[in-house]
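Listed below, chain by chain, are the residues.
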2 protein chains.
Amino acid sequence: MLQDMPTLTDVAKLAGVSEITVSRVVRNKGPIADATRTRVLSAIEKLGYVPNRAAGSLASSGSQLMGVLLPSLSNIVFPEVLRGIHSALASTGYQPLIGVTDYDLKTEQGIVSSLLAWQPAAIIMTGFDHTDATRRMLANSRVRVAELMDIDADPIDIAVGLSHRRAGFDAGRHLISRGYRRFGYVGHDWDADRRARLRYEGLCTALAEAGLTLEAEQRFAGPSSTIAGRDTLAAMMAKNPTIDVAVFSNDDMAVGGFFYCLTAGIAVKEKLALFGFNGLDIGQSLPMPLSTVRSNRFLIGKIAVEKLLESGERPTEKQIIDTGYEIVAGATA
Amino acid sequence: MLQDMPTLTDVAKLAGVSEITVSRVVRNKGPIADATRTRVLSAIEKLGYVPNRAAGSLASSGSQLMGVLLPSLSNIVFPEVLRGIHSALASTGYQPLIGVTDYDLKTEQGIVSSLLAWQPAAIIMTGFDHTDATRRMLANSRVRVAELMDIDADPIDIAVGLSHRRAGFDAGRHLISRGYRRFGYVGHDWDADRRARLRYEGLCTALAEAGLTLEAEQRFAGPSSTIAGRDTLAAMMAKNPTIDVAVFSNDDMAVGGFFYCLTAGIAVKEKLALFGFNGLDIGQSLPMPLSTVRSNRFLIGKIAVEKLLESGERPTEKQIIDTGYEIVAGATA
DNA sequence: GAGAAATATGTTAGCGCTGTCATAATGACT
DNA sequence: AGTCATTATGACAGCGCTAACATATTTCTC
């Protein structure tokens, strides 16, 4: 679409130097005399020259692009990861090229293929589930790959996140130590969200070790949301009014649960304790701060980028970076 | 970073055709005999060929990229716009290349420059405020430009959004018609968020026309958030306990205000009415659905892409697309 | 069955940049 | 003055693809 845009050649002519010299000035690479640099820079300024990255990529077989695959933009946690990615990228000249998979592995495969077409410096994905074709493409391309959020499996290259299984387990231990015994679980569709399921499994393990078991369990057949949390807790309480703590698949669901209690006149914590996951702002701004597990999504994105940029080659050793989590006592459990 | 990746030439050799024929198959362009197509396709499959977009861009001077500039990822409305953009892009083969400006015009300028370097098919930005240099780059490049969210000014090419001034005005009329007279305004930093200011101005106009005026006004000196809304309403009520309706700069702030009322034991609507802006899910899942104005962010992103893709050239007539808004009566005002 | 029209394929010449290797100019140290 | 490094610049080829223009080949038309 660009038209008559000035090229390196134009700048070189105006500055009275060769093209490669201009290229060196632009990329800050190789030795350049101060006088020459100044001359070139002013020529660039005069012409309004903007380098053509496509040409650059082609010539150097490698782009200043980083592919980012997110499962969804509806769930606030992924924009937060993206924010971390962007913040680490900001100072580097790299640009994120994003794709959204909608939790679908075939879609992911298609997007990986189109991202690879840009010869990105690295690709950031979510989770460990990929099609064989995706794995093959990634292997052939040799680009660096980070798999985010989760560390409960074997990564392709590096993994950055936290153990959701352990987080679920610790949440269970925490609640047991606080005296809760009659557990209910309020979840959402976990075919897509493998991590919610891992937390659930961790929770069940903790309960089993204490000789307990989930007394009630209700899962909403769709993505998590405040409304789903509200309605799903309502459904569970209708069937099992005797539980003393509801563990939610995440904070969105838990905030909905809190609203349900408000409406139904159930005393939160005294009558029914609520526990979430993520540590979202909204949960902490409730009249009673939500008891939850705080994960650091921003940090996950940021660290992933930093690690990926450390080296262009995949290291021989796969790397797993645990960004940890923190039990937030809150006031609801 | 890619290495020994097969090229068009390899595919062409294996399929026993010329390069251009492979190129045509890949791009689905020009007439190709079915037999040839099949042969080429299976060669592509066999080699695991992935086209190099940088080369394609360079040769055709135009990429399958769409530049997207967002002011922030922290405010949920922008990921929603991005979702709309992505949804419209999904079927087209275009990929969004994103940049985040942090509401800073100089940052925006830098990002526009790096996006332009990829020769994107179009650029999507937010708002009408840009530096002169940004405008110049955009003008020189001749790429299509959409300015989103707002339609209260003159666009570069097309604008998609709603009149925030009118929305503020209508919200004011609505509240006045419901009998509210003692207005308070709870806002956030609007140097960055020009649209919040426009709504505020619209509100003031409505009040003035009715012979009314804001009795109280409190602005938080930072970005909007639930916590800011809670604390800022608290501050306002401490100074002006007599107002009967609080208009918030957006739903995040208003939800915080609701939480404040809960904590302080203020009867929402009877004693103090609350009114937001955006129509976020969280507001509608409150025990009392929030009274607000619903804008359609997803639609804004989607329509912008559709309009931009209609033609590669800027039309002679600037276009303004009003995606409208809707007063949501709710239960808090 | 000659010519027009449509369909299918190929040839050539770059797109704008950077890697590689060469060359020139300067200083540093014998 | 001569060797060696160091710094500064340039020539040239080519990255992988596609636009533009041929050139076959087939199908239709009267």
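For the structure itself, consult the block above.
Residues numbered from 1 in each chain as written. Chains lettered and ligands numbered in written order. Predicted model: local features only at pLDDT ≥ 70, side-chain atom pairs only at ≥ 80, totals over all residues. Heavy atoms only, no water.

Caption draft 1: Representation of the overall build of chain A in the model. Secondary structure summary: chain A contains 13 helices and twelve strands in total. The globule rule puts the C-alpha radius of gyration for 333 residues at 20 Å, and the 25 Å found for chain A is more than 25% above it. Taking the principal axes of its C-alpha atoms as reference, chain A extends roughly 85 × 40 × 35 Å. Residues counted as buried form 55% of the 333 residues belonging to chain A. Taking all contacts inside chain A whose residues are at least 6 apart in sequence as the whole, residues at least 24 apart take part in 69%. Here chain A contributes 35 positive and 36 negative side-chain charges, whose respective centroids are spaced 3 Å apart. (Helix = DSSP H or I, 4+ residues; strand = E, 2+ residues; numbered from the N terminus. Rg over C-alpha atoms; globule rule 2.2 N^0.38 Å. Buried < 20%, exposed > 50% of the residue type's maximum accessible area, 1.4 Å probe, protein only. Contact = heavy atoms within 4.5 Å. Lys, Arg positive; Asp, Glu negative; His and termini not counted. Charge placed at Lys NZ, Arg CZ, Asp CG, Glu CD.)

Caption draft 2: A look at the protein's contact with DNA strand C. In the vicinity of DNA strand C lie 27 residues, with Leu8, Ser23 and Tyr49 of chain A together with Ser18 and Thr36 of chain B positioned nearest. For DNA strand C, the fraction of protein-proximal atoms (within 4 Å) that sit in sugar or phosphate groups is 63%. A distance of 2.7 Å separates a phosphate oxygen of DNA strand C from a polar atom in the backbone of Ser18 of chain B. Between DNA strand C and Ala33 of chain B, the relevant distance is 2.9 Å, taken from a phosphate oxygen to a main-chain nitrogen or oxygen of the residue. Taken together, the elements giving at least two residues each to the surface near DNA strand C come down to helix H2 (19–27) and helix H4 (53–60) of chain A together with helix H2 (19–27) and helix H4 (53–60) of chain B. Of the residues contributing to the surface near DNA strand C, the split by class is 14 nonpolar, eight polar and five charged. (Near = heavy atom within 4 Å. Polar contact = N/O pair within 3.5 Å; in protein donor to acceptor, adjacent residues only side chain to side chain. Nonpolar A, V, L, I, M, F, W, Y, C, P; charged D, E, K, R; others polar.)

Caption draft 3: Representation of the protein's contact with DNA strand D. The full set close to DNA strand D counts 26 residues, and Thr21 and Thr36 of chain A together with Leu8, Ser23 and Tyr49 of chain B are the nearest of them. For DNA strand D, the backbone makes up 68% of the atoms found within 4 Å of the protein, where backbone means sugar plus phosphate. Contact between DNA strand D and Ala59 of chain A: a base oxygen at 3.3 Å from a main-chain N or O atom of the residue. A distance of 2.3 Å separates a phosphate oxygen of DNA strand D from a polar side-chain atom of Ser23 of chain B. For the surface near DNA strand D, the secondary structure elements donating two or more residues are H2 and H4 of chain A together with H2 and H4 of chain B. Element by element, the count of residues in the surface near DNA strand D is highest for H4 of chain B, at five residues. Its residues assigned to classes, the surface near DNA strand D shows 14 nonpolar, eight polar and four charged.

Caption draft 4: Here's a closer look at the interface of chain A and chain B. Opposite the 57 residues of chain A that make contact, chain B presents 57 residues. The tally of links from chain A across to chain B stands at zero salt bridges. Applying the counting criterion to the chain A and chain B interface returns eleven residue pairs in polar contact (both at pLDDT 80 or more). Where the side of chain A that touches chain B is concerned, the elements lending two or more residues are H4, helix H5 (77–89), strand E2 (95–100), helix H6 (105–116), helix H7 (132–141), helix H10 (226–239), helix H11 (251–264) and helix H12 (281–284) of chain A. Broken down by element, the side of chain A that touches chain B gets its largest block of residues, six residues, from E2 of chain A. (Salt bridge = Lys/Arg side-chain N within 4 Å of Asp/Glu carboxyl O.)

Caption draft 5: Spotlight on the pattern of salt bridges. Residues and elements named next belong to chain A. Under the definition given, this model contains 28 salt bridges over all chains. With a closest N to O distance of 3.2 Å, Asp231 and Arg230 form a salt bridge. Residue Asp231 is classed as partly exposed on the basis of its relative accessible area of 39%. On the basis of relative accessible area, Arg230 is assigned to the partly exposed category, the value being 23%.

Caption draft 6: The sheet that holds strand E7 (residues 214–219) of chain A, seen in detail. All names here are of chain A. In spatial order, the strands read E7-E6-E8-E9; together these four strands make up an open sheet with parallel pairing. Because the sheet does not close on itself, it has two edges, and the strands there are E7 and strand E9 (273–275). The average undirected angle you get between the axes of adjacent strands in this sheet is 20 degrees. In the packing of H11 onto the sheet, the strands contacted are strand E6 (183–187), strand E8 (245–248) and E9, and the crossing angle to E9 comes to about 160 degrees. (Pairing = 2+ DSSP bridges. Axes fitted to C-alpha atoms, helices over the stretch in contact; angles between N-to-C directions.)

Caption draft 7: Spotlight on the pairing of strand E1 (residues 65–70) of chain A. All names here are of chain A. Burial of E1 is extensive: six of the six residues sit out of reach of the surface. Going residue by residue along E1, you find Leu65, Gly67 and Leu69 tucked away on one face and Met66, Val68 and Leu70 tucked away on the opposite face as well. Summarising the sheet, E1 and E2 pair through six bridges and their orientation is parallel. Bridge pairing links Met66 to Pro96 in E2. With respect to chirality, the unit in which E1 leads through H5 into the neighbouring parallel E2 is right-handed. (Right-handed = clockwise from strand over helix to strand, strands pointing away.)

Caption draft 8: Representation of the relation of the copies chain A and chain B within the structure. The transform that puts chain A on chain B rotates by 180 degrees and translates by 0.0 Å along the axis, for an RMSD of 0.1 Å. Taken together, the rotation and translation relating the two chain copies correspond to the operation of a two-fold axis. By residue overlap, the copies meet face to face through one surface: 100% of the interface positions of chain A are interface positions in chain B. (Least-squares fit on C-alpha atoms with pLDDT ≥ 70 in both.)

Caption draft 9: The sheet that holds strand E8 (residues 245–248) of chain B, seen in detail. Residues and elements named next belong to chain B. Pairing is parallel in the open sheet, where four strands are placed in the order E7-E6-E8-E9. Pairing within the sheet leaves two strands with one partner each, and these edge strands are strand E7 (214–219) and strand E9 (273–275). Between one strand axis and the next, the sheet turns through 20 degrees on average, direction left out of account. As paired elements, E8 and E9 share three bridges and run parallel to each other. In the strand pairing of E9, Val245 is matched with Ala273.

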